[in-house]
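Listed here are the chains, written in short residue letters.
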Amino acid sequence: MRRRPRRRRRNLPRHGAGRPRCRHGPGPLVRRQDRGRPLRARDARPRRYRPPQGVPVAGVRNDYPPAGGRTVIHALYSGFITFLIALALGEPIVRYLRRRRIGKQISEYLPEHQKKAGTPTFGGFIIWLPTLVVTAVAVDWWNHQSILLPLGMIAVTAAAGFVDDLGTLQDRRQGGLSWRFKLGFTAVFALGAAIVLYRYIEVESINIPYVGSYGLGLFYIPLAAAIIVATTSAVAVSDGLDGLVGGTTLIAFIAYGIIGFIQGQEFVATFAFIIAGANLGYLWYNAHPARVIMGDTGALALGSSLAVVSLMTGQWLLLPLIGIIFVVEAGSNILQIGSYKLTGRRIFRRAPFHHHLELIGWAETQIVTRFWIIGIAAAMLGVALALEVPER
């Protein structure tokens, strides 16, 4: 057999794994596609991104690893199951309320809404009963006992809302709770929640996008209490149109659920998605024309739990953005009252702002849909800004 000639080996450079030497430094030669100039291989490697941003100085997020795929799936399943339970419970609850003629009395100052008189209230039970059941099963509350704080605020504020709703029923001589009592009642429990957040959960930071995280010390306690009171009142004020509060709080809880996952707070994120799923089930019956109204039983508890969730994530500074609709609604009320008392003139035709829009010709469904659109856009921006908090 004829022997094949041996191929002569070339003297290759030691550094380049068979590639010619780059005149710009050691390392294999890599051509830049745009200009054809050589580039060192280590400079051509893709940039390695830092881990998720937004971790507070001291807080619940420092104790848990970043969220994985299974925890996201678990939270989504939990929210979906809560939706199904709320959907199943809603029909018998609505029928029971109608059978007992537990209908809401509409204010005489809202003549265009008198057709809604007699609509069953206490729709908040459609939200909170499934939330309680699924949270007890889906959230590892024994190892994450801080989840008891938002549940406690839900119980307290829902109880106050229930008493207030009793006074707004048709053919009732006793009126509802005064706004001063509800404000003071909420303030007391908000202060207690703020102390728990500071002393036991150890969240006392402010996260500023593009700037960083800074501890606030004892100043955090009155600030957190004020956030809870303001958010609870703002959400309650916004409850005036079919689907308005249910949809906007749904968007806000989803936003904070995403933030919770990004920061590794799986249990907080799961809880937020559970409330979002319950809200979806409630919206099935609250869609225009509403078959049931959540009343303060739902609105007060939604506001307080949203505030506590935002404080637990440390991203409470973004709450006015994510809940921009609540800011507009409550702000219009404050401006209207202040202007009338100081000057005797009204800024809006009627407050809160959604009633002003009704009087200038907007349809109820048009207002609600556009408020949802604004809420979604604001939530997307809020989540993006939460990622822009640099590490210290």
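A quick note: this is a predicted structure, and the numbers were derived from the prediction, not measured.

## Re the pattern of salt bridges
So, step 1. Scanning the entire structure with this criterion turns up four salt bridges.
So, step 2. The salt bridge partner of Arg-291 is Glu-91, with a shortest N-O separation of 3.1 Å. Of the two residues, Arg-291 is situated in the loop between helix 8 (266-286) and helix 9 (295-313) and Glu-91 in helix 2 (residues 69-99); the sequence distance between them amounts to 200 residues.
So, step 3. You can call Glu-91 partly exposed: its relative accessible area is 22%.
So, step 4. Among the salt bridges present, the one from Lys-182 reaches Asp-296, with a minimum N-O distance of 3.1 Å. In this pair, Lys-182 is assigned in helix 5 (residues 179-201) and Asp-296 in helix 9, connecting sequence segments 114 residues apart.
So, step 5. Put simply, Glu-91, Arg-95 and Arg-291 are held in one network by salt bridges that share partners.

## With respect to the packing of aromatic side chains
So, step 1. Scanning the model with the defined rule gives nine aromatic pairs in all.
So, step 2. Pairing Phe-122 with Phe-162 gives two aromatic rings, centres 5.0 Å apart and planes at 40 degrees, and the pair type is tilted. Of the two residues, Phe-122 is situated in the loop between helix 2 and helix 3 (124-138) and Phe-162 in helix 4 (residues 148-166); the sequence distance between them amounts to 40 residues.
So, step 3. With a centroid separation of 6.0 Å and an interplanar angle of 75 degrees, the aromatic rings of Phe-125 and Phe-162 are classed as edge-to-face.

## Overview of a nonpolar patch on the surface
So, step 1. Residues Ile-73, Tyr-77, Phe-80, Ile-81 and Leu-84 make up a contiguous nonpolar surface patch of about 480 Å² in total accessible area.
So, step 2. By relative accessible area, which is 39% here, Leu-84 ends up partly exposed.

## Focus on the confidence of the model for the chain
So, step 1. Chain-level statistics for the chain give a pLDDT mean of 83 and a share of 78% at 70 or above.
So, step 2. Looking across the chain, the model is least confident in strand 1 (residues 29-31), with a mean pLDDT of 39, and most confident in helix 10 (residues 319-322), with 97.

## So, the environment of Arg-345
So, step 1. Within the element layout of this structure, Arg-345 appears in the loop between helix 11 (324-343) and helix 12 (353-359).
So, step 2. With relative accessibility at 64%, the residue Arg-345 sits in the exposed group.

## With respect to the UniProt feature "transmembrane region" (unreviewed entry) in the chain
So, step 1. The UniProt entry lists residues 75-97, 117-139, 145-163, 183-201, 213-237, 244-262, 268-285 and 367-387 under the feature "transmembrane region" (unreviewed entry), expressed in the numbering used here.
So, step 2. Helix and strand shares over residues 183-201 are 100% and 0% respectively, and the end C-alpha atoms of the span are 25 Å apart.
So, step 3. The span residues 268-285 is 100% helix and 0% strand, and its two end C-alpha atoms sit 27 Å from each other.

## A look at the pairing of strand 3 (residues 205-208)
So, step 1. In this structure, strand 3 lies alongside strand 4 (residues 212-215), joined through four bridges in antiparallel fashion. By the bridge assignment for strand 4, Ser-205 is matched with Gly-215.
So, step 2. Here strand 3 folds back onto strand 4 in antiparallel fashion, the turn holding three residues, of which Tyr-210 has a positive phi close to 70 degrees.

## With respect to the packing of helix 6 (residues 220-238) against helix 11
So, step 1. Put simply, helix 6 and helix 11 touch, their axes get as near as 8 Å, and they point 85 degrees apart. As judged from the angle between their axes, helix 6 and helix 11 are roughly perpendicular. Contact residues: Ala-234, Val-235, Val-237 and Ser-238 in helix 6; Ile-325, Phe-326, Glu-329, Ala-330 and Asn-333 in helix 11.
So, step 2. Looking at side-chain class alone, the contact of helix 6 with helix 11 contains six nonpolar, two polar and one charged residues.

## Focus: helix 7 (residues 244-262)
Owing to its 3.6 residues per turn, the α-helix aligns residues three or four sequence positions apart on the same side.
So, step 1. Look at helix 7: 28 Å from first C-alpha to last across 19 residues, which is about the 27 Å you get at 1.5 Å a residue.
So, step 2. The element helix 7 is largely enclosed, with a buried count of 16 among its 19 residues.
So, step 3. Once helix 7 finishes, Gly-264 follows within two positions and takes phi at roughly 85 degrees, a positive value.

What counts as what
- Residues numbered from 1 in each chain as written.
- Predicted model: local features only at pLDDT ≥ 70, side-chain atom pairs only at ≥ 80, totals over all residues.
- Heavy atoms only, no water.
- Salt bridge = Lys/Arg side-chain N within 4 Å of Asp/Glu carboxyl O.
- Helix = DSSP H or I, 4+ residues; strand = E, 2+ residues; numbered from the N terminus.
- Buried < 20%, exposed > 50% of the residue type's maximum accessible area, 1.4 Å probe, protein only.
- Phe/Tyr/Trp six-rings, centres within 6.5 Å; stacked < 30°, edge-to-face > 60°.
- Patch = residues over 30% accessible without salt bridge, like charges linked within 9 Å, V, L, I, M, F, W, Y side chains within 5 Å.
- Areas by Shrake-Rupley, 256 points an atom, 1.4 Å probe, with all protein chains shown as cover.
- pLDDT = per-residue confidence, 0-100.
- UniProt positions renumbered as here; feature names shortened; annotations may be inferred.
- Pairing = 2+ DSSP bridges.
- Axes fitted to C-alpha atoms, helices over the stretch in contact; angles between N-to-C directions.
- Parallel < 35°, antiparallel > 145°, perpendicular 65-115°, else oblique.
- Contact = heavy atoms within 4.5 Å.
- Nonpolar A, V, L, I, M, F, W, Y, C, P; charged D, E, K, R; others polar.
- Expected span 1.5 Å × (residues − 1).

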